[in-house]
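Descriptive analysis of the structure
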Amino acid sequence: MIRPEDAAGPGTGAPPADILVRPGAPLRGEVQIGGAKNSILKLLAATTLAEGRFTLRRVPRISDVDTMVELLESFGCRLSYGGGDVLHVDVPERIRPHASYDLVSRMRASIAVLGPLLARCGEAVVALPGGDDFGSRPIDMHLAALERLGADIEVSHGYVHARADVLKGEEVPLAWPSVGATENIMMAATAAEGRTVIDNAAREPEIADLAAFLNRMGAEVLGAGSPTITINGGGPLGPVDHTPVSDRIETAVYLAAVGIAGGEITLRGAQPGHLRMLCDKLGEMNLRTSTIKGGLWAMSPHRLRATEIVTLPYPGVATDYQPLVVAMLSLADGVGLVTENVFANRFRYVGELIRMGADIRVEGRCAIVRGRERLSGAPVRATDIRAGAALVVAGLGAEGETIVRDTHHIRRGHEDLVGNLRSLGADISWSPAG
Ligand code: UD1
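All of the points below concern the structure found in this document.

Cut-offs used in this document
- Residues numbered from 1 in each chain as written.
- Predicted model: local features only at pLDDT ≥ 70, side-chain atom pairs only at ≥ 80, totals over all residues.
- Heavy atoms only, no water.
- Helix = DSSP H or I, 4+ residues; strand = E, 2+ residues; numbered from the N terminus.
- Rg over C-alpha atoms; globule rule 2.2 N^0.38 Å.
- Buried < 20%, exposed > 50% of the residue type's maximum accessible area, 1.4 Å probe, protein only.
- Contact = heavy atoms within 4.5 Å.
- Areas by Shrake-Rupley, 256 points an atom, 1.4 Å probe, with all protein chains shown as cover.
- Lys, Arg positive; Asp, Glu negative; His and termini not counted.
- Charge placed at Lys NZ, Arg CZ, Asp CG, Glu CD.
- Salt bridge = Lys/Arg side-chain N within 4 Å of Asp/Glu carboxyl O.
- Pairing = 2+ DSSP bridges.
- Right-handed = clockwise from strand over helix to strand, strands pointing away.
- Near = heavy atom within 4 Å.
- Polar contact = N/O pair within 3.5 Å; in protein donor to acceptor, adjacent residues only side chain to side chain.
- Nonpolar A, V, L, I, M, F, W, Y, C, P; charged D, E, K, R; others polar.
- Axes fitted to C-alpha atoms, helices over the stretch in contact; angles between N-to-C directions.

1. Quick notes on the overall build of the protein chain
Counting secondary structure elements, the protein chain contains 14 helices and 26 strands. A compact globule built from 434 residues would reach a C-alpha radius of gyration of about 22 Å, and the protein chain, at 21 Å, matches this within 12%. Each principal axis of the C-alpha distribution contributes one length, and for the protein chain these read about 60 × 45 × 40 Å. Taking all 434 residues of the protein chain together, the buried fraction comes to 57%. Contacts in the protein chain between residues far apart in sequence, at least 24 positions, make up 73% of those at least 6 positions apart. Put simply, the protein chain shows about 16400 Å² of open surface, and 49% of that area lies on carbon and sulfur atoms. Of the charged side chains in the protein chain, 44 are positive and 51 negative; the average position of the first set lies 3 Å away from that of the second.

In structure tokens, the structure reads:
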């Protein structure tokens, strides 16, 4: 499918480009926050559960959405943009339940199609996603849960082969509240006979959004947002029109930007209720935030102050915010301590911040960050989506020029980061890849 041109900056399919950032005036103005990437990818996966035309609104122009579009097209679905940020998905009566390694290896979230394909077709063949920059990232909980619902699972030649003539509702306790496993179980269980109860389920806002989507389709999913989710499966499902929750991680990027550059900004469409714990922590760091009608206001009147932060599953401070927090602490007054509890290897980008003069020592799951008045601009590489955004905002507090390379990672998850920061007054631009 050919997507409309992006309004600003290279589109998601554009040639490689670097991002150049220099420190400048405090930020002022407004940014519109889009729909949550981590919700939309799963909602797109969930469309395969029923035949007909689905409509998703507020869909960000990011390359992970392009990858999910290609994946659905490979199943036989037809996708088309309806103007602006509206995406239609036409799901045919019969789909091909095969997710190739080529697409799955581009984006781990592709594993979200396993549950719905199995539910719809009684079988699914999905490539194993493999590891990434946060470590090995197994899917053992997804597979064990689907087996509990009655699926036969075989892993061979790099693919998961799942088959189930009938799925049956069951109790599914999770050893850890995995977001992806909770989502796959919820989607598979909509087709299971009887009741499925997920215990120790993930509670992220994107889980509640997926439950709302499934319920609109005709499913009965109860308790999403709490640790116990009940799915009464087996009912008929149909297509829906849905607007996802807003992207709390994108919201956090602009909070970090204003924290580092100073100034006063409004984030339209943000849902502050989803960032409560982070906003409390940012308050300790001197960043003021306030809920306003239709969004979130933020002001950074003083230099940031160091604090201690621990990442945890929702409602704790999300692991996706962690690189942004480390970037802020690099420029804060005092010594900050960050403990990463969700992913074993999520400090790999720290070396890039150190190249910019940050004083950070990583010991196991902890990073000790001694704040500096200023960082020093340098060429750096984005190692993943969120680390890339963190390097860009760190550049707002670095003397001279910061050149962020490998920006395809940033384009996977952040729509028009450069255009938005520039509209707030930042000195930032695209440049052909060096
Ligand atoms: C999702 C988000 C990601 C976020 C993460 C945690 C998407 C596309 N990605 O990832 O941005 O950082 O939630 O909030 O929505 N684990 C296992 N076995 C499993 C599943 C998970 O050991 O079968 C482990 C993981 O390695 C990790 C932890 O559980 O250490 C959390 O992973 P999980 O919540 O599943 O994250 P994702 O769904 O992959």
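So much for the structure itself; the text now carries on.
2. Re the pattern of salt bridges
Under the definition given, this model contains 22 salt bridges. Between Arg 57 and Asp 241 there is a salt bridge, with the nearest N and O atoms lying 2.7 Å from each other. One end of the pair, Arg 57, is in the loop between strand E3 (52-56) and helix H2 (63-75); the other, Asp 241, is in strand E14 (residues 241-242), and 184 residues separate them in sequence. Residue class for Asp 241 comes out partly exposed when judged on its relative accessible area of 37%. Note that Arg 106 is salt-bridged to Asp 102, the shortest N-O span being 3.8 Å. Taken together, the shared-partner salt bridges in this structure form one network comprising Arg 22, Glu 401 and Asp 427.

3. Side note on the side chain of Ser 300
Looking at where Ser 300 falls in the secondary structure, it is placed in strand E17 (residues 295-300). A residue is classified by how much of its surface remains accessible, and Ser 300, at 6% relative accessible area, is buried.

4. Some thoughts on the pairing of strand E19 (residues 335-339)
Bridge count for strand E18 (residues 308-310) against E19 is three bridges, and the pairing is parallel. The partner of Val 310 across the bridge, within E19, is Thr 339. Crossover E18 to E19 through helix H10 (residues 322-330) is right-handed. Bridge count for E19 against strand E21 (residues 366-370) is five bridges, and the pairing is antiparallel. In the sheet register, Gly 336 faces E21, and the bridge partner there is Val 369.

5. Side note on the site of the ligand
Near the ligand there are 20 residues, and of these Lys 42, Asp 140, Ser 178, Asp 320 and Val 342 occur at the shortest range. The side chain of Lys 42 places a nitrogen or oxygen atom 2.7 Å from an oxygen atom of the ligand. Within the backbone of Val 342, one N or O atom sits 2.5 Å away from an oxygen atom of the ligand. Elements supplying a minimum of two residues to the shell around the ligand: helix H1 (37-46), helix H5 (140-148) and helix H6 (179-189). Top element by residues in the shell around the ligand is H5. It accounts for three residues. Its residues placed into classes, the shell around the ligand shows eight nonpolar, five polar and seven charged.

6. Comments concerning the environment of Glu 250
Relative to the helices and strands, Glu 250 resides in helix H8 (residues 248-261). Expressed as a C-alpha distance, the spacing of Glu 250 and Leu 417, which sit 167 residues apart in the sequence, is 9.0 Å.

7. Quick notes on the sheet that holds strand E20 (residues 359-363)
Spatial ordering of the open sheet is given by E18-E19-E21-E20, a layout of four strands whose pairing is mixed. With partners counted over all chains shown, the strands left at the sheet margins are E18 and E20, one partner each. Taken over all neighbouring pairs, the strand axes of this sheet differ in orientation by 15 degrees on average, direction set aside. Alignment of E20 against E21, held across five bridges, turns out to be antiparallel. Looking at E21, one finds that Glu 363 is bridged to Cys 366. Contacts from H10 reach E18, E19, E20 and E21 within the one sheet, and its direction differs from that of E19 by about 170 degrees.

8. Describing the sheet that holds E17
The mixed open sheet is built from four strands, whose spatial order is E2-E15-E17-E16. Unpaired on one side and paired on the other, strand E2 (27-32) and strand E16 (288-292) mark the two borders of the sheet. Strand after strand, the sheet turns through a mean of 15 degrees between neighbouring axes, direction not considered. Two elements, E16 and E17, share five bridges in a ladder whose sense is antiparallel. Across the sheet, residue Thr 291 finds its bridge partner in E17, namely Leu 296.

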